[in-house]
Amino acid sequence: MSLRAVSYPAYPLPGPSQRLAKVLSPIIPELAALVHQTPGTLSLAQGMVGWDPPPGVALAVAEALATGGPALHRYGPLLGDPELLAAITAKLTNQNDLDLTGAELLVTAGSNMAFNAVAQVIAAGPPGEPSEVILPVPFYFNHVMAVQLAGAVPVPVQAGLIPDPERLAAAITPRTRAIVTVSPNNPSGVVIPAQVLAAINQLCALHGLFHISDEAYEQFVYGEEPHWSAGSLPGSAAHTVSLHSLSKAYGLAGWRLGYMAVPQALLPSLLKVQDTVLICPPRLTQHAARAALAAGPAWCAPRIAALAKLRLQLLAAVAEQQAQGLPVRLLAQPDGAFYALLQVAVPLPFDADTLMRRLVLEHRVATLSGGSFGLDSSDAGPVLRLSYGLLDAADLAEALDRLFSGLRRLVATAGGLRTLQHQHSVVGRQGQIG
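Now for a look at the structure at hand. Note that the coordinates shown come from a computational prediction; the quantities given were computed from them, not determined experimentally.

## Structural notes on the layout of surface pockets
Over the atoms a probe the size of a water molecule is rolled, and this reveals where empty space is left.
Right, so step 1: Estimated volume of the largest pocket: approximately 440 Å³.
Right, so step 2: Along the walls of the largest pocket sit 22 residues, with Gly47, Asn112, Tyr140, Tyr217 and Lys248 positioned nearest its centre.
Right, so step 3: Every element with two or more residues in the lining of the largest pocket is listed here: helix H6 (111-122) and helix H7 (141-149).
Right, so step 4: Taken together, the residues of the lining of the largest pocket break down into 10 nonpolar, eight polar and four charged.

## A closer look at the sheet that holds strand E5 (residues 176-182)
Right, so step 1: Spatially, seven strands are ordered E2-E8-E7-E6-E5-E3-E4 in an open sheet, and the strand pairing comes out mixed. Unpaired on one side and paired on the other, strand E2 (103-108) and strand E4 (153-157) mark the two borders of the sheet. Each strand axis lies, on average, 20 degrees off the axis of its neighbour in the sheet, ignoring direction.
Right, so step 2: Relative to strand E8 (residues 258-263), E2 runs antiparallel, the two sharing six bridges. Pairing of Val107 across the sheet is with Tyr259, part of E8.
Right, so step 3: Docked against the sheet, helix H5 (residues 82-94) engages E2, strand E7 (240-245) and E8, running at close to 120 degrees with respect to E2.
Right, so step 4: In the packing of helix H10 (residues 267-277) onto the sheet, the strands contacted are E2 and E8, and the crossing angle to E2 comes to about 10 degrees.

## Side note on the environment of Cys300
Right, so step 1: Mapped onto the secondary structure, Cys300 falls in helix H11 (residues 283-323).
Right, so step 2: With relative accessibility at 0%, the residue Cys300 sits in the buried group.
Right, so step 3: When the C-alpha atoms of Cys300 and Pro54 are compared, they prove to be 8.7 Å apart, with 246 residues separating the residues in sequence.
Right, so step 4: Apart from the residues within four sequence positions on either side, Cys300 is in contact with Gln219, Ala249 and Tyr250.

Cut-offs applied
- Residues numbered from 1 in each chain as written.
- Predicted model: local features only at pLDDT ≥ 70, side-chain atom pairs only at ≥ 80, totals over all residues.
- Heavy atoms only, no water.
- 1 Å grid on protein atoms, 1.4 Å probe; cavity = no way out; pocket = protein on both sides within 12 Å on 5 of 7 lines; lining within 4 Å.
- Points joined across faces, edges and corners; volume = space filled by probe spheres on them.
- Helix = DSSP H or I, 4+ residues; strand = E, 2+ residues; numbered from the N terminus.
- Nonpolar A, V, L, I, M, F, W, Y, C, P; charged D, E, K, R; others polar.
- Pairing = 2+ DSSP bridges.
- Axes fitted to C-alpha atoms, helices over the stretch in contact; angles between N-to-C directions.
- Contact = heavy atoms within 4.5 Å.
- Buried < 20%, exposed > 50% of the residue type's maximum accessible area, 1.4 Å probe, protein only.

So, in structure tokens, the structure goes:
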């Protein structure tokens, strides 16, 4: 039997799902491409720290590899290895004061994967009536994407940078499945007070909703407001999902290590997602996680203290630019994480996405557009997220100089600086006349 040459594909191939076309596109890959096109760019965009993991991490991994054995190379428990789960239990109990009665622990490939798995599990509803997840604005863009990938609807709520529980309550519908909080917050740097988080958690309990508490930046706190875990409320384990990460404080972003405490009722469905996507947490990296947790907050503290100095450097630079007449302001006092939201406080003839691109291409400094976090440009002016986690003091000074020089030129070109100076001049003359 002879085979005829056939031009493949013989029939048109199906395209990607139309549902995915509606999912928010990630901004980071686009920004990375712009930075790659612009050598020498300094980044105020990257959400990472500049330090390496604790030395014990490399030692633990080397020892695990040297010891070898079947346990390292074969599939492990879906939840995670017992030794790591014990270390996580001790951490959550002693450091977060979590009430784990009625909760289960699950190790994941980063807390983003944890959130995605939870979104898959809680999304429900017949066709045409998708579930809803409430996301206070500013939100974390990967949360929006995960909710959309699960077939649910993200509901952004303008509840304030410290979310107002009453505004969140007003957004609840019969389709609502969860309310999400991020504290310390990405992108604002706000640390949500304990009483506010407690009110949101109790609101969820009252309405039969899950409270998804993202605590990836729990150790990054600089002001008087301490970090507080909503899962520490007695009886909250039945409706609280606590997400945690080793990426930030322990410098393990590339290792993809996270974990979560979840209500027992969700675990059977979460294990279906875990088995499909990951099968089991990687055995080798669990040794790294145990070593990081063993180093603990005492190892992180001096590094975060050094980061606090960079935060003060950023605040001082903003204040100096304001004194020189540049129309910029911080939307909130950034007392946590390593972010701040900077607004150009005059209208520009382009949005924050365009501003982000022009700052890279024309001024070699990378930031993230506020639009990625639900902060669309308005008459008040575009917003940028600044990150000071990855730079040393000298590079931060240079990056901020490029940023403010670029903003000054762009604002002046748009006429905003002249308008503002004119307004100040009029106000000043009126004050002298009065």
